[in-house]
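Descriptive structure summary
The residues making up each chain are set out below.
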Amino acid sequence: MEIFLMVLVLLILIGISNVVNHFLPVIPVPLIQIALGVIATFVPGMHHIPLNPELFLLLFIAPLLFNDGKITPRDELWQLRSSILLLALGLVFATVLIAGPFIHWMIPAVPLSAAFALAAILSPTDAVAVGSLSGRVKLPGKIMRLLEGEALMNDASGLVAFNFAIAATVTGHFSLPKAIGSFLVIAVGGIIVGAFLGFLVIGIRMQLRRLGMEDVTLHMLIIILTPFIIYWIAEEFHVSGILAVVAAGVTHAIERDKMRRGSARLRIVSDSTWSVILFSLNGLVFILLGLEIPGVISEVWKDPAYNNGQVIGYIVLITAVLILLRFLWVWAANRHFRAALLTALSGVRGALTLSAAFSIPLTLADSSPFPERSLILFICSGVILITLIVASALLPILTRDTKADPNELEEIERTARVRVLEAGLNAIREEMNDENTQEGMSLISSYTYRLQLAKLKNKTELGDAWKEALNIRLEGLHAEKKVAEKWLREERISPILVDKFQTSLSKIEMLLTTRFKWKKLLILGWATLQRMLIRFKRKDKKFNKSHPTWGAYKALKLEAVRAAIHRVKELETAGNQDTIQTIIADYQSLELQLVNDTFASESGKKLSVERRELELKAIQAERNEIQNLYERGDISRTLANTLRVDVNYHEGHVYETQTVHDEETEH
């Protein structure tokens, strides 16, 4: 029961970290999760969780790297193969050979072999931590791919160097030829084993499908178990389990490309399932890291043998040396100062470093204590925190100061809009069947029209344009509300229908705005209360008891849409013509659907369930694509918010018509 409660608390902390990040986006999620992990250690009843390095790598690192191997573009990695190998192999060994003696010179109490071990586990960057940067920092695409490729490959080289340095410390013996030979066997063997097992798993799944076993649950179970099994088998063969799962992930990326033309349902379920798994594992990695840090720090902090200020100085100097080495290495390769600086600051260390440090044995071969083990753990924790803080603080500033070409911004936005709409269009096509063909064709026509507009779109100054478009859409909603109020005063419609109409518009307004939501809720509640008071004051009780019909609602909505178009046209200026035309096109598309009654079934009396389901699935596909683009660093946070506003706007109208139809059906 205690283990269950611990896991439950950790998962709750993951949720809290994302809520905190929503209100404090300046602080990256990993730092928030580490802080929550540290705080959790002081909560009464929270037991210390001993970090088992082998189990940690199997349960957390293996599936995360497997997924990274699946989603990282293979073509781009291949084009950057020389640069990736220079960082993943060359820089790791250069760091060991240079930083190791420096650490031994600065801290003589740490033997040279142990200093080599410390440099080895500090050399690899963390794939999870690097991935967390893409959400807040708009790094150039080439640099981001380079960092991702490096993080996939350098774990193996760093761990191999670390293991040999530890063995040399424990036994007192070291052989360079043996170390080089073992590294080649471990690295190449891991890639071969991973690729072989990856293709084997794919073959098994393909054979099951040929036998007619298309059960999504079975295939998902196989996919989920794949990274754990492959990592375990590779380690049993004494080759790199990390490189094995990366290689298996790359092979599954090939199968994923084929699956796009195969089982659409399995792809959708796979994406959804992995998103939950990765969300949880990413959070658990950093929260567990936070849980370990207090114990590591307190052991050194309370020991009178250490000067705390001096130990902090060690951490700062070692971090500076790591960043400087990284900068010089990259600069020597391409002679580009800014690229070298961004790459150097992006070299974030993470949970892999600390988990490897915990695998350091307590004693040597002669049963004496391992020299300065606590200090090594303390330094690892400090370097992880400093690299995260430095990257989080400096990278946004360095990338924000760079003014992109307006034409490039336009192309990025245009491409993103097209990809988002294509994702929705593909979802509709994949979900079409004999029962919803008519609704599907209608939606395909609507999406095709919007795609044509997106491809012709021309906009600059994205941040200002987003705010302007939002304000114009809100003006359109206010114009719609005024029509409803006018009709109510003229007693052309019932208060109940007005209430439904106004409430639905207020919900759309809240979906559009990402800030001040509590204020919006209060406004919505007050407006609803006012309408209820007006309804009770009216003398025509019979009129008040009537229920809204689709015909009455459609007439009101048509009038409101036309009033909104008129209001939006009034706001047109020389600088916002593209934005105005896009918003008017949305309203005209809605007007056309109302005139043709495509929201309803053939009888015109109830909303087509098939159409609504198709439209909501398309909207969800659009949201997923926006999140994918954002996580990959292809679009900025501002552009992601802009795209989400458009998606929320269309979703609001879907629920708006659904509410009235459902009400009519009930009565």
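Given the structure is predicted, the values throughout are model-derived calculations rather than measurements.

**Some remarks on the overall build of the protein**
- A tally of regular secondary structure across the protein gives 26 helices and zero strands.
- For the protein, with 667 residues in total, the buried portion stands at 51%.
- Long-range contacts, defined here as pairs at least 24 residues apart, represent 80% of the contacts in the protein between residues at least 6 apart.
- Just so you have it, the protein exposes about 32,000 Å², and 63% of that area is on carbon and sulfur atoms.

**Description of the nonpolar core**
- Ranked by size, the top nonpolar core spans 109 residues in total, and within it Ile107, Leu118, Phe162, Ile318, Ile379 and Cys380 carry the most contacts.
- When residues in this core are grouped by element, the largest group, 13 residues, is from helix H12 (residues 264-301).
- Leu474, Val483, Ala484 and Trp487 belong to the second largest nonpolar core, which has 16 residues in total.

**Quick word on the pattern of salt bridges**
- Considering all chains together, one arrives at six salt bridges under this definition.
- We note a salt bridge from Arg419 to Glu625, for which the minimum N-O separation is 3.4 Å. With Arg419 in helix H17 (residues 406-431) and Glu625 in helix H25 (residues 609-631), this pair connects stretches of sequence that are 206 residues apart.
- Residue Arg419 is classed as partly exposed on the basis of its relative accessible area, which comes to 33%.
- Measuring nitrogen to oxygen at the nearest pair gives 2.6 Å for the salt bridge that ties Lys557 to Glu480. Here Glu480 lies in helix H19 (residues 462-489) and Lys557 lies in helix H23 (residues 550-570), a separation of 77 residues in the sequence. Residues Lys557 and Glu480 agree in their burial class; the two are buried.
- Overlapping salt bridges bring together Glu475, Arg567 and Glu570 as one network.

**What about unusual backbone geometry?**
- We note that His238 has phi near 60 degrees; this positive angle belongs to a residue other than glycine.
- For His238, the position within the fold is in the loop between helix H10 (216-236) and helix H11 (241-259).
- For His238, a relative accessible area of 65% puts it in the exposed group.
- One non-glycine residue, Glu372, adopts positive backbone phi at about 55 degrees.
- Relative to the helices and strands, Glu372 resides in the loop between helix H15 (351-358) and helix H16 (373-400).

**Considerations on the confidence of the model for the protein**
- Residue-level pLDDT values for the protein average 77, and 78% of them are 70 or greater.
- Of all the helices and strands in the protein, helix H22 (residues 541-544) carries the lowest mean pLDDT, 42, while helix H13 (residues 308-334) carries the highest, 92.
- Contacts from residues 458-463, a stretch scored under 50 in pLDDT, to residues over four places away or in other chains number 17 contacts.
- Note that pLDDT drops below 50 for residues 663-667; the model gives that stretch nine contacts with residues more than four away or on any other chain.

Rules and cut-offs
Residues numbered from 1 in each chain as written. Predicted model: local features only at pLDDT ≥ 70, side-chain atom pairs only at ≥ 80, totals over all residues. Heavy atoms only, no water. Helix = DSSP H or I, 4+ residues; strand = E, 2+ residues; numbered from the N terminus. Buried < 20%, exposed > 50% of the residue type's maximum accessible area, 1.4 Å probe, protein only. Contact = heavy atoms within 4.5 Å. Areas by Shrake-Rupley, 256 points an atom, 1.4 Å probe, with all protein chains shown as cover. Core = buried A, V, L, I, M, F, W, Y, C linked by side-chain atoms within 4.5 Å. Salt bridge = Lys/Arg side-chain N within 4 Å of Asp/Glu carboxyl O. pLDDT = per-residue confidence, 0-100.

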